[in-house]
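Remarks on the overall topology
Here is what each chain is made of, one letter per residue.
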Amino acid sequence: MDPTPFLIMGTLFGVSATLAIQWFANRKVRKALRALEQAPAQPSEEVLLLHRERAEMGRRLAALEEIVTDRPKRLAHEIDSLR
């Protein structure tokens, strides 16, 4: 039996399956892009809350860096002055 028809049919099936997968993927991407275009331009409350928390953490980190990198004598003097 000649394998040529099986080779041709397999190739055609592979090409059609690949094209079908690509078509469905492109359709999904187009749908997602349309949904993004319709999304509101204002950030949500959750995003704003996360930005505020990030800013607060940045301020805290700056204070910790100042404490860690400060000279020990100056830090000890400030602690004693607070007592």
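As shown above, the structure is provided for reference.
Cut-offs used in this document
Residues numbered from 1 in each chain as written. Predicted model: local features only at pLDDT ≥ 70, side-chain atom pairs only at ≥ 80, totals over all residues. Heavy atoms only, no water. Patch = residues over 30% accessible without salt bridge, like charges linked within 9 Å, V, L, I, M, F, W, Y side chains within 5 Å. Areas by Shrake-Rupley, 256 points an atom, 1.4 Å probe, with all protein chains shown as cover. Salt bridge = Lys/Arg side-chain N within 4 Å of Asp/Glu carboxyl O. Helix = DSSP H or I, 4+ residues; strand = E, 2+ residues; numbered from the N terminus. Phe/Tyr/Trp six-rings, centres within 6.5 Å; stacked < 30°, edge-to-face > 60°. Buried < 20%, exposed > 50% of the residue type's maximum accessible area, 1.4 Å probe, protein only.

1. Things to note about a nonpolar patch on the surface
Taken together, the side chains of I8, M9 and L12 make up a nonpolar region of the molecular surface, amounting to roughly 320 Å² of accessible area. Topologically, M9 is positioned in helix α1 (residues 4–38).

2. Re the packing of aromatic side chains
What characterises a pair of aromatic rings is the spacing of the ring centres plus the angle enclosed by the ring planes. Within the structure shown, the criterion is met by one aromatic pair. Taking the centre distance of 4.9 Å and the plane angle of 70° together, the rings of W23 and F24 count as edge-to-face.

3. A few points about the pattern of salt bridges
Overall, the coordinates contain three salt bridges when judged by the stated rule. With a shortest N-O distance of 2.9 Å, R59 and E56 are connected by a salt bridge. Taken together, the residues span about one helical turn, with R59 and E56 both in helix α2 (residues 45–69) at a distance of three residues. On the basis of relative accessibility, which here comes to 52%, the residue R59 falls in the exposed class. The salt bridge partner of R83 is D80, with a shortest N-O separation of 3.8 Å. Under the relative-accessibility criterion, R83 is labelled exposed at 78%. If you follow the salt bridges from partner to partner, you end up with E56, R59 and R60 in one network.

4. Re the environment of P72
Tracing the backbone through its elements, the reader meets P72 in helix α3 (residues 72–82). A residue is classified by how much of its surface remains accessible, and P72, at 64% relative accessible area, is exposed. Expressed as a C-alpha distance, the spacing of P72 and L12, which sit 60 residues apart in the sequence, is 77 Å.

These figures come from the coordinates and say nothing about function on their own.
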